[in-house]
Amino acid sequence: MLESMALKEFLLGALVMSDVVLALFFLHYWRATKDRFFIFFTWSFLLGGASRLVLAVHLGNDEFEPLVYLIRFLSYVIILVAIIDKNRVAIAKLLLQRT
């Protein structure tokens, strides 16, 4: 049982690290291009890492589980906002063609 908890904590730590590395990757490209798409993804991966960090710290405590999923939900909403923001000109043209 104890080995299982240690393995879960280790794997969650690896996921937090990978989320932070991906956030830094997107931050690098945002600095180079100033494209808002990359800063949205930076925030999304930072929130994803934060949700896994909360899960790792409160492993076994179901009281914090809704908080974890709320943070993850916000992370996915930011990705959707990034996609819509990136394609807003194309969406506007499409809507104008219909009228």
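Right above here is the structure, for reference.
Residues numbered from 1 in each chain as written. Predicted model: local features only at pLDDT ≥ 70, side-chain atom pairs only at ≥ 80, totals over all residues. Heavy atoms only, no water.

## A few points about the overall build of the protein
The helix and strand tally for the protein stands at four helices and zero strands. Order of helices (α) and strands (β) in the protein, N terminus to C terminus: α-α-α-α. Relative to a compact globule of 99 residues, whose C-alpha radius of gyration would be 13 Å, the protein shows 18 Å and is clearly more extended. Counting over 99 residues, the protein shows a buried share of 22%. Considering only residue pairs separated by 6 or more positions, the protein has 59% of its internal contacts joining residues 24 or more positions apart. Only carbon and sulfur atoms are counted for the fraction: they give 72% of the accessible area of the protein, which is about 7,400 Å². (Helix = DSSP H or I, 4+ residues; strand = E, 2+ residues; numbered from the N terminus. Rg over C-alpha atoms; globule rule 2.2 N^0.38 Å. Buried < 20%, exposed > 50% of the residue type's maximum accessible area, 1.4 Å probe, protein only. Contact = heavy atoms within 4.5 Å. Areas by Shrake-Rupley, 256 points an atom, 1.4 Å probe, with all protein chains shown as cover.)

## Overview of the side chain of arginine 52
Structurally, arginine 52 is set in helix H2 (residues 36–57). Of the polar contacts made by the side chain of arginine 52, one reaches the side chain of aspartate 19; its length is 2.7 Å. The residues contacting arginine 52, other than those within four sequence positions of it, are Leu12, Leu15, Val16, Asp19 and Arg72. (Polar contact = N/O pair within 3.5 Å; in protein donor to acceptor, adjacent residues only side chain to side chain.)

## Details of a nonpolar patch on the surface
A cluster of nonpolar side chains, contributed by Leu67, Leu70, Phe73, Leu74, Val77 and Val81, occupies part of the molecular surface with about 490 Å² of accessible area. When you line up the elements, leucine 74 lands in helix H3 (residues 65–86). On the accessibility criterion, leucine 74 (41% relative accessible area) is partly exposed. (Patch = residues over 30% accessible without salt bridge, like charges linked within 9 Å, V, L, I, M, F, W, Y side chains within 5 Å. Salt bridge = Lys/Arg side-chain N within 4 Å of Asp/Glu carboxyl O.)

## Re the environment of glycine 49
Relative to the helices and strands, glycine 49 resides in helix H2. Those residues in contact with glycine 49, other than ones at most four positions away along the chain, are Val16 and Asp19.

## A word on the environment of phenylalanine 73
You can see phenylalanine 73 is positioned in helix H3. Between the C-alpha atoms of phenylalanine 73 and glycine 48, which are 25 residues apart in sequence, the distance is 9.1 Å.

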